[in-house]
Amino acid sequence: MIVVPHSTSVSIALERNAALTRFVELLFDGYPQTMAVRLGSGQTVTMGAGKPDFTLVVQSPAVLSSLALFRNPLRLAEAYFCGEIDIEGDLYRALGLRKSLMAGIRTPQHWLSTLMALPRLPQEEKASDALSGGGNALRRLGHHDAKRRPAKAIAFHYDVSNDFYRTWLDEEMVYSCAYFTSDTDTLLDAQRNKLDHICRKLRLKQGEQMLDIGCGWGALAIWAARHYGVRVKAITLSQRQYEFATHRVAAEGLSELVCVEKRDYRDLNVTQEFDKVASVGMFEHVGLSNLGGYFSAVYRMLKPGGLFLNHGITHDEEGWRAQLSTRFINRYVFPGGELDTISNILREMERAQWEVWDVEGLRPHYAMTLRHWVSRLEQSHDEAVRYADESTYRIWRLYMAACALHFEEGDVGVYQVLLSKRGAAANVLPLTRRDLYVANNLKIQGVCT
């Protein structure tokens, strides 16, 4: 038995710690602010001056090795989902690491210097037992071809648990961009503002027939029926949304006005049946190659003189090219989801013979909405993981925080576009938009009681 002198053991530990510090500094030297990395052994490396914005708590040094080798921020996200790392402090600042990692190594010498530290990393430590295996959310990944099986893609996203969504959505259960009149609006106020803003744009009148494509948990259909007296057919592909919306319609005594169906819009074999059509947060799931067919299908369902409002997210680049953000969204959140520029979307609308009357960008509103959702989810952590699991919670927390930053930076946008059959709405719409804003209350004349 060979006994290593205490001084030698200390020397080896100091040498290893120094190597690890050098490695971490090289790996994250592109981050412009102050951050810290804490290993499972307790060693902490701080980069920058002052108090760190956040600390990466690394349970498995192998995560750092793979980051050095591949410079892929998705690996960092996956490690967070599985509990191999944790984030203490400002999550939004921590997401800034994606840019420094994507920037890559500045020079071959820099890359070589970083890799030279790899052999000196301590052995991999076991990830959190609570998250080992990644949880249900990660096990569900990669099993759906969303373009061929849209119903399963919708189920992947929306059928997590109604109770899970309830922990961070507002009381109306609206899962789309809210409409803030000021930064002091509550999330509930802003979502109700949005529901009414859509109804005003559609100039809903009592007795009209309305179609709500992708109705979610039924908020818009119920709002339109209750406050404007219209008859609504609301459709969704999500079983859990269908069950929730059906129950809510009955509970609120609106069954004579609102009919909820679990149905694909392509299966609605109707012609010129509806006075008004709304689609909120749905066309992102259609697929770019199917947009022409989608807009043509809605065109056939609308009466002459009717109005169609499409509310959806857009991208700042044409097409849906493979990159970090698109891979993340398609793998973890929206299988098969695709975005395009607003100009390309408008072109597809016009090719389907729509006339464009109004285009309103709501990008700042969605950034505010997402920050509200993240805050509410964080405050409801214990309840949320009872309805889903820890990995699902982490996926949604990181996804929504990242989306908030993308909306703030302008990488993605969201637009409401008001359309009609060409020439058909000239005598229906007023000459100005004054009617949309002249009243600031949410109780509209012609309320359905």
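Rules and cut-offs
- Along each chain, residues carry numbers from 1 onward, in the same order as the chain's sequence is written.
- A pLDDT threshold of at least 70 governs which residues receive local features in this predicted model, and a stricter bar of 80 or more applies before side-chain atom pairs are shown or counted, although totals over entire chains, interfaces and linings include all residues.
- The side-chain values count all of the structure's non-hydrogen atoms but skip hydrogen atoms and water molecules.
- Helical segments are the DSSP runs of H or I of at least four residues, strand segments are the runs of E of at least two, and each set is numbered from the N terminus.
- Three labels apply to residues, based on accessible area from a 1.4 Å probe with only protein chains included: buried if under 20% of the type maximum, exposed if over 50%, partly exposed otherwise in between.
- In this analysis, two residues are considered to be in contact whenever any of their non-hydrogen atoms come within 4.5 Å of each other.
- The nonpolar core is taken to be a set of buried Ala, Val, Leu, Ile, Met, Phe, Trp, Tyr and Cys residues, with the residues joined through side-chain atoms within 4.5 Å.
- Confidence scores labelled pLDDT are given residue by residue by the predictor and lie between 0 and 100.
- Strand pairing is assigned whenever DSSP detects at least two bridges linking the two strands.
- Geometry is summarised by axes, namely lines fitted to C-alpha atoms with helices restricted to the contacting stretch, and by angles between N-to-C directions that run from 0 to 180 degrees.
- Identification of polar contacts relies on pairs of N or O atoms within 3.5 Å, with a donor-acceptor requirement for protein atoms, meaning one able to donate a hydrogen and the other able to accept it, and with residues adjacent in sequence counted only if both atoms are side-chain atoms.
- We define a salt bridge as a side-chain nitrogen of Lys or Arg found within 4 Å of a carboxyl oxygen belonging to Asp or Glu.
- With respect to orientation, any angle under 35 degrees is reported as roughly parallel, any angle over 145 as roughly antiparallel, any angle of 65 to 115 as roughly perpendicular, and every other angle as oblique.
- By convention the crossing between two helices is left-handed if the near helix lies anticlockwise of the far one by an angle smaller than a right angle, and right-handed if it lies clockwise.
- Gly counts as polar in this scheme, as do all residues outside two lists: the nonpolar Ala, Val, Leu, Ile, Met, Phe, Trp, Tyr, Cys and Pro, and the charged Asp, Glu, Lys and Arg.

The next point concerns the overall build of the protein chain. Within the protein chain, the regular secondary structure consists of 19 helices and 11 strands. Within the span of the protein chain, comprising 449 residues, buried residues form 55% of the whole. Long-range contacts, defined here as pairs at least 24 residues apart, represent 74% of the contacts in the protein chain between residues at least 6 apart.

Take the nonpolar core next. Within the largest apolar cluster, 74 residues are counted, with the highest numbers of intra-cluster contacts made by F28, L56, Y165, W168 and W396. Contacts of W168, omitting those with residues within four sequence positions, involve Y175, L187, W373, R376, L377, W396 and M400. One finds W223, A224, A245 and V280 within the second-largest nonpolar core, a separate group that totals 32 residues.

On average, residues of the protein chain carry a pLDDT of 83, and 80% of them reach 70 or more. Contacts from residues 152-156, a stretch scored under 50 in pLDDT, to residues over four places away or in other chains number 16 contacts.

Hydrogen bonds along the backbone pair up the strands of a sheet, which may run parallel or antiparallel. Taken in spatial order, the 7 strands make up an open sheet running β7-β6-β5-β8-β9-β11-β10, and their pairing is mixed. The sheet is open, and its two edges are formed by β7 (258-262) and β10 (354-361), each paired on a single side. Strand-to-strand twist across the sheet, computed as the mean angle between neighbouring axes with direction ignored, equals 15 degrees. Strands in contact with helix α13 (residues 291-301) are β5 (209-213), β8 (274-280), β9 (302-315), β10 and β11 (412-421); relative to β9, the strand with the most contacts, it is inclined by about 155 degrees.

This part covers the environment of A384. Take A384: it is sitting in helix α17 (residues 381-387). Judged by its relative accessible area of 0%, A384 falls in the buried class. Along the chain, A384 and W168 lie 216 residues apart, while their C-alpha atoms are 8.5 Å from each other. Apart from the residues within four sequence positions on either side, A384 is in contact with F164, T167, L377 and Y393.

To continue, consider the side chain of N162. Relative to the assigned elements, N162 resides in helix α9 (residues 162-166). Of note is the side chain of N162, whose polar atom sits 3.1 Å from the backbone oxygen of R240. Apart from residues lying up to four places away in sequence, N162 is in contact with M173, W217, R240, Q241 and F244.

Here H365 shows up in helix α16 (residues 363-379). In this view, H365 contacts C177, A178, Y179 and F180; residues no more than four positions away in its chain are not counted.

Enumeration according to the criterion identifies 23 salt bridges in this entry. With a closest N to O distance of 2.5 Å, E360 and K201 form a salt bridge. Here E360, found in strand β10, pairs with K201, found in helix α10 (residues 187-201); they are 159 residues apart in sequence, far enough to count as distant. What makes E360 buried here is its relative accessible area of 16%. In this structure, E261 engages K233 in a salt bridge whose closest nitrogen and oxygen atoms are separated by 3.0 Å. Residue E261 is found in strand β7, and its partner K233 is found in strand β6 (residues 231-236); the two are separated by 28 residues along the sequence. Neither residue differs from the other here; E261 and K233 are each classed as buried. Several salt bridges converge on common partners, so that one network encompasses E172, R192, R226, R248 and E252.

Let us look at the packing of α16 against helix α18 (residues 390-409). Closest axis-to-axis distance for the α16/α18 pair is 8 Å, and the angle between their directions is 155 degrees. For the element pair α16 / α18, the angle class is roughly antiparallel. Remark: the crossing between α16 and α18 carries left-handed chirality. Residues R363, Y366, A367, L370, R371, W373, V374, L377 and E378 of α16 form the contact with α18, whose participating residues are Y393, W396, R397, M400, A401, C403, A404, L405, F407, E408 and E409. Tallied by class, residues from the contact of α16 with α18 come to 14 nonpolar, no polar and 6 charged.

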